[in-house]
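The residues making up each chain are set out below.
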Amino acid sequence: MKIVCLDAGHSDVKPGAYNKHLDIREEKLALELSLTVEELLKKQGIKVVQTRTNGNHISLEERCRRERNSNADCFISIHFNSGSPTASRCEAWVHNKSISKTINFAKEMTRNVSKALGNNDGSASLGYVGNPNVNYYVNEYSKSTSMLLEVCFISNDKEIKNYLNKRKEVAEQIAVTICNFLGVNYVKTEKVQAFDLVFENLNPNNYKFLMEQKLETGETLEHFIIRQQYRVKKVER
């Protein structure tokens, strides 16, 4: 059985990039996308190991330890970029000593994600932004073929709104690309009807408490909602 390790970047403690105009945090988007990709891969008979399934903080060292212990065939760390309000494109970063197969994997990933977003602006690069002689931690200390994927720019209102409208397509293209790399034939599944969940009269603390509650399956309510691809509307006091 093929094994994939997915790493949703950041956490509640270190939430990453933030778009204050739209009140969107990177760690939430990364987790949602990672869990959606997991569901798609599992339908293809692939085992998925997540470095995190909730907002709890996990160090880079622990993320890579979990990847190494998983015996994964590949490792994808999912992030959303930040820059100027007009910065735009999908990026992937791989180890600066990567072989051509890994580089081509990253190129295909950015090409397919860009296609899902409706543009052709993507790139795959070696090393670390601004310095090709060093590597991102997840690429330096992982065991399997790895990449750090910056899906799009959260700082660009237009781009992140576009992503939110096409997030299912993006998740599917990530899953398709992983399957192509692993030599697994990706079989499209039927589209799932979306449902709205409305939470009323909950202040932020109560809402957070509710999302953290464990279900009989052992997963949190937040994880269940993301996995079922429900749309959530909060009506706060």
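Q: Before we move on, could you go through the packing of helix α1 (residues 26-42) against helix α6 (residues 167-182) and cite the residues and values that matter?
A: At a minimum axis separation of 9 Å, α1 and α6 run at an interaxial angle of 55 degrees. As the angle between them shows, α1 and α6 are arranged oblique. When the axes of α1 and α6 are compared, the crossing they make is right-handed. Two secondary-structure elements touch here, α1 through Glu32, Leu33, Thr36, Val37, Leu40 and Leu41 and α6 through Arg167, Val170, Ala171, Glu172, Ile174, Ala175, Ile178 and Cys179. Partitioning the contact of α1 with α6 into residue classes produces 10 nonpolar, 1 polar and 3 charged.

Q: Please provide a residue-by-residue account of the pattern of salt bridges, values included.
A: Where charged atoms from two side chains of opposite charge approach closely, those side chains can pair. In the structure shown here, the tally under the stated rule is 10 salt bridges. Across the pair Lys28 and Glu27 runs a salt bridge whose closest N-O atoms are separated by 3.8 Å. A salt bridge links Lys42 to Glu39; the shortest N-O distance between them is 3.7 Å. Taken together, the residues span about one helical turn, with Lys42 and Glu39 both in helix α1 at a distance of 3 residues.

Q: Tell me about the packing of aromatic side chains, and name the residues and values.
A: Centre-to-centre distance and the angle between the planes together describe a pair of aromatic rings. Applying the stated criterion across every chain yields a total of 5 aromatic pairs. A ring pair is formed by Phe80 and Tyr163, whose centres lie 5.0 Å apart and whose planes are at 65 degrees; its orientation type is edge-to-face. Taken together, the positions of Phe80 in strand β5 (residues 74-81) and Tyr163 in helix α5 (residues 157-165) put the pair 83 residues apart, joining distant regions of the chain. Linked through ring pairs, Trp93, Tyr128 and Tyr136 together constitute an aromatic cluster. Over the aromatic face of Tyr18 sits the side chain of Arg25, whose NZ or CZ is 4.1 Å from the ring centroid. Here Lys101 stacks its cationic end above the ring of Phe181, 5.0 Å away from the centre of that ring.

Q: Describe the pairing of strand β1 (residues 3-8), and please don't skip the residues or the numbers.
A: The element β1 is largely enclosed, with a buried count of 6 among its 6 residues. The alternating pattern of β1 places Ile3, Cys5 and Asp7 and Val4, Leu6 and Ala8 on opposite faces, both of which are buried. When β1 meets strand β4 (residues 47-50), the two strands line up parallel, connected through 4 bridges. Each bridged residue has a counterpart across the sheet, and for Ile3 the counterpart in β4 is Lys47.

Q: Explain the nonpolar core residue by residue, including any values.
A: If you look at the biggest cluster of nonpolar residues, it comprises 46 residues, and the most contacted ones within it are Leu33, Phe80, Val151, Tyr163 and Ile178. Listing elements by their share of this core, those giving two or more residues are β1, α1, β5, β6 (90-94), α3 (100-117), β8 (145-153), α5 and α6. Here this core takes 9 residues from α6, the largest share from any one element. Sequence-distant contacts of Ile178, defined by excluding residues within four places in its chain, comprise Val4, Leu6, Val37, Leu41, Cys74, Ile76, Phe105 and Met109.

Q: An account of the side chain of Asn139 is requested, with residue identities and associated values reported.
A: Inspection of the secondary structure assignment puts Asn139 in helix α4 (residues 137-140). Within the structure, Asn139 has its side chain in polar contact with the side chain of Ser146 (distance 2.8 Å). Within the local environment of Asn139, its side chain forms a polar contact with the backbone nitrogen of Met147, the two atoms lying 3.5 Å apart. For Asn139, the contacting residues outside a window of four places in its chain are Trp93, Val94, His95, Ser146, Met147 and Leu148.

Q: Could you give me a rundown of a nonpolar patch on the surface, with the residues and numbers involved?
A: A surface patch of nonpolar side chains, about 240 Å² in accessible area, is lined by Tyr128, Val129 and Val134. Relative to the helices and strands, Tyr128 is located in the loop between β7 (122-126) and α4. Note on Tyr128: relative accessible area 36%, which makes it partly exposed.

Q: Could you give me a rundown of unusual backbone geometry, with the residues and numbers involved?
A: With a phi close to 55 degrees, Asp23 is a non-glycine residue in the positive phi region. We classify Asp23 as exposed; its relative accessible area is 54%. The backbone phi angle of Asn71 is positive, close to 55 degrees, even though this residue is not glycine. You can call Asn71 exposed: its relative accessible area is 51%.

Q: Just give me the short version of the layout of surface pockets, but keep the residues and values in it.
A: When its volume is computed, the second largest pocket comes out at roughly 450 Å³. Lining the second largest pocket are 24 residues, and of these Gly9, His10, Leu60, His79 and Leu148 sit closest to its centre. Counting residues per element, the ones that place at least two in the lining of the second largest pocket are α2 (60-70), β5, α4 and β8. Ranked by residues supplied to the lining of the second largest pocket, first place goes to β5 with 4 residues.

Each value, and the rule that gives it
- Residues numbered from 1 in each chain as written.
- Predicted model: local features only at pLDDT ≥ 70, side-chain atom pairs only at ≥ 80, totals over all residues.
- Heavy atoms only, no water.
- Axes fitted to C-alpha atoms, helices over the stretch in contact; angles between N-to-C directions.
- Helix = DSSP H or I, 4+ residues; strand = E, 2+ residues; numbered from the N terminus.
- Parallel < 35°, antiparallel > 145°, perpendicular 65-115°, else oblique.
- Left-handed = near helix turned anticlockwise from the far one by under 90°.
- Contact = heavy atoms within 4.5 Å.
- Nonpolar A, V, L, I, M, F, W, Y, C, P; charged D, E, K, R; others polar.
- Salt bridge = Lys/Arg side-chain N within 4 Å of Asp/Glu carboxyl O.
- Phe/Tyr/Trp six-rings, centres within 6.5 Å; stacked < 30°, edge-to-face > 60°.
- Lys NZ or Arg CZ within 6 Å of the ring centre and 35° of its normal.
- Buried < 20%, exposed > 50% of the residue type's maximum accessible area, 1.4 Å probe, protein only.
- Pairing = 2+ DSSP bridges.
- Core = buried A, V, L, I, M, F, W, Y, C linked by side-chain atoms within 4.5 Å.
- Polar contact = N/O pair within 3.5 Å; in protein donor to acceptor, adjacent residues only side chain to side chain.
- Patch = residues over 30% accessible without salt bridge, like charges linked within 9 Å, V, L, I, M, F, W, Y side chains within 5 Å.
- Areas by Shrake-Rupley, 256 points an atom, 1.4 Å probe, with all protein chains shown as cover.
- 1 Å grid on protein atoms, 1.4 Å probe; cavity = no way out; pocket = protein on both sides within 12 Å on 5 of 7 lines; lining within 4 Å.
- Points joined across faces, edges and corners; volume = space filled by probe spheres on them.

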